[in-house]
Amino acid sequence: MPHRIPAKITGVAGYVPPKVLTNADLEKMVDTNDEWIRTRTGIRERHIVENGMASSHMATEAAKLLLAQTRTNPSEIDLIVVASVTPDMFFPATACLVQDRLGAKRAWGFDLSAACSGFAYALTVGAQFAGAGTHKKVLVIGSDTMSSILDYKDRGTCVLFGDGAGAVLLEPAGEGEGIIDFHHDVDGSGGQHLYMPGGGSLNPSSLETVQKNMHVVHQDGPNVFKYAVRRMAELSCHLLERNGLSIRDLALIVPHQANLRIIRAMQERLGVDDSKVLVNIERYANTTAGTLPLGLCDALAQGRLKKGDLVLLIAVGAGFTTGGVLLRWAY
Ligand code: UT7
């Protein structure tokens, strides 16, 4: 049975830091080249923070833009959910830092960790509160500072990621609008293929964990690649079938941006052409929890989303986590 949530997105905004790291810049840092990165991943450049800026700052910038755009007073916000695997620190939660900077005095909030599926998970969690009617305005943010956990000597990972954040406002929805269905799942046996071992309670930070390079992203790329293609395609089909819809009914798919080849392979399995798929990986790379809301921002800017459109958000990330949300665009 579809998992409908009577909550709708009423605004979207994104933020990437001004500093751009191009493939040419990376050529000077590690044994790689622009041609390899472009043809194997689709990425041309990514934005990264300067020292002193972290996930909470990008999240706050995105949220401020969103509040201005939707003419929302910070005091109207009831709840803030932040998806991130790169919080400023273990605690307090990034949501608390954002709440303070926004002056969202009435809001409670918390962080959620589901890596690249983080925004899809946070969207449905936040939507439960808006859908229940107990929370009238919910802020859902995906923000990741991947540059803070990359080893810029590891060409297999450092070229793939960038920093960025996106935010949406959720409000209660009427019949036929908002979240039509979602499906998330976890295959915890995939945890070994994409992880950061150091700094947690298992391997608390020490000189040894630093020397062993445990505070950076470790990834078995080909394994993640195969899983992502298979599950993004399977989950998309599952959500459509469960709702008696076909790919033709979709106005737009906004997929997680990890690798252009993953997106194109998913498309091939689904039989969907480029006009129905949002791609912006060339400019931002993989911003983890930021990709889906940044994708929505670009879709709106390009005039590819209008009221009543059926949109599918789809992501796979570390865990493995898989997240899919089918929604009827509300404005
Ligand atoms: O959101 C979830 C997060 N992550 C992902 O979704 C990533 C999923 N995986 C991928 O996107 C791809 O597996 C990668 C982009 C990471 C790697 O692409 P691949 O086509 O699977 O390459 P590979 O790992 O099989 O490596 C092929 C070759 C290797 O050289 P040899 O052994 O054939 O000589 C690598 O050392 O490419 C080499 N290589 C590079 N060469 C230049 C790997 N990274 C680079 C690089 N520049 N940056």
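All of these numbers come straight from a predicted model, not from anything done at the bench.

> Is there a simple way to think about the site of the ligand in this case?
Among the 22 residues in the neighbourhood of the ligand, the closest are listed as Thr32, Arg40, Arg155, Gln219 and Asn259. With respect to the ligand, the side chain of histidine 256 contributes an N or O atom lying 2.9 Å from an oxygen atom. A distance of 2.8 Å is found between an oxygen atom of the ligand and a side-chain nitrogen or oxygen belonging to arginine 261. Summarising the interface, the protein chains cover 71% of the accessible area of the ligand, which totals 940 Å² for the free molecule.

> Mind showing me how you'd approach the domain arrangement of the protein here?
Many descriptions give the size of an interface as the accessible area lost when the pieces come together. Looking at the assigned domains, one finds that the protein contains domain 1 (7-177) and domain 2 (179-328). Computed from C-alpha atoms alone, the centre-to-centre distance between domain 1 and domain 2 is 14 Å. In this assembly, 50 residues from domain 1 lie in contact with 45 residues from domain 2. When the buried surface of domain 1 facing domain 2 is broken down by residue, Cys116, Tyr121 and Ile149 rank first, second and third, together holding 17% of it. At the boundary of domain 1 with domain 2, the tally comes to zero salt bridges.

> How should the nonpolar core be read in this particular structure?
If you look at soluble globular proteins, the nonpolar side chains tend to sit buried side by side. By size, the foremost hydrophobic cluster in this structure holds 46 residues, and its most contacted members are Leu250 and Ile253. Among the elements of the structure, helix H8 (221-242), helix H9 (260-270) and strand S12 (310-317) are those that each provide at least two residues to this core. Ranked by residues supplied to this core, first place goes to H8 with nine residues. Viewed by domain, this core spans two of them, domain 1 (7-177) and domain 2 (179-328), each represented by three or more residues. In this structure, Tyr121, Val168, Ile179 and Leu252 belong to the second largest nonpolar core, which totals 37 residues.

> When you look at the layout of surface pockets in this model, what are you seeing that I'm missing?
The gaps left among the atoms become clear once a water-sized probe is rolled over them. The computed volume of the largest pocket comes to approximately 890 Å³. Mapped onto the lining of the largest pocket, the elements with two or more residues apiece are strand S5 (108-112) and strand S9 (194-195). No fewer than three residues from each of domain 1 (7-177) and domain 2 (179-328) sit in the lining of the largest pocket. Here the second largest pocket is characterised by a volume of approximately 400 Å³. In this structure, the second largest pocket is lined by 24 residues; those nearest its centre are Leu160, Gln219, Gly221, Phe225 and Asn259.

> Before we go on, may I ask you to explain empty space enclosed by the protein in this structure?
Under the criterion given, the structure shown has one cavity of 30 Å³ or more. In terms of lining, the largest cavity is formed by Ala7, Lys8, Ile9, Gly178, Ile179, Leu327, Arg328, Trp329 and Ala330. Those elements giving two or more residues to the lining of the largest cavity turn out to be strand S1 (7-15), strand S8 (178-186) and strand S13 (321-328). When its residues are assigned to classes, the lining of the largest cavity shows six nonpolar, one polar and two charged. The residues that make up the lining of the largest cavity include at least three from each of domain 1 (7-177) and domain 2 (179-328).

Conventions adopted
Residues numbered from 1 in each chain as written. Predicted model: local features only at pLDDT ≥ 70, side-chain atom pairs only at ≥ 80, totals over all residues. Heavy atoms only, no water. Near = heavy atom within 4 Å. Polar contact = N/O pair within 3.5 Å; in protein donor to acceptor, adjacent residues only side chain to side chain. Areas by Shrake-Rupley, 256 points an atom, 1.4 Å probe, with all protein chains shown as cover. Domains from an automatic or database assignment. Contact = heavy atoms within 4.5 Å. Buried area = accessible area lost by both parts, 1.4 Å probe. Salt bridge = Lys/Arg side-chain N within 4 Å of Asp/Glu carboxyl O. Core = buried A, V, L, I, M, F, W, Y, C linked by side-chain atoms within 4.5 Å. Buried < 20%, exposed > 50% of the residue type's maximum accessible area, 1.4 Å probe, protein only. Helix = DSSP H or I, 4+ residues; strand = E, 2+ residues; numbered from the N terminus. 1 Å grid on protein atoms, 1.4 Å probe; cavity = no way out; pocket = protein on both sides within 12 Å on 5 of 7 lines; lining within 4 Å. Points joined across faces, edges and corners; volume = space filled by probe spheres on them. Nonpolar A, V, L, I, M, F, W, Y, C, P; charged D, E, K, R; others polar.

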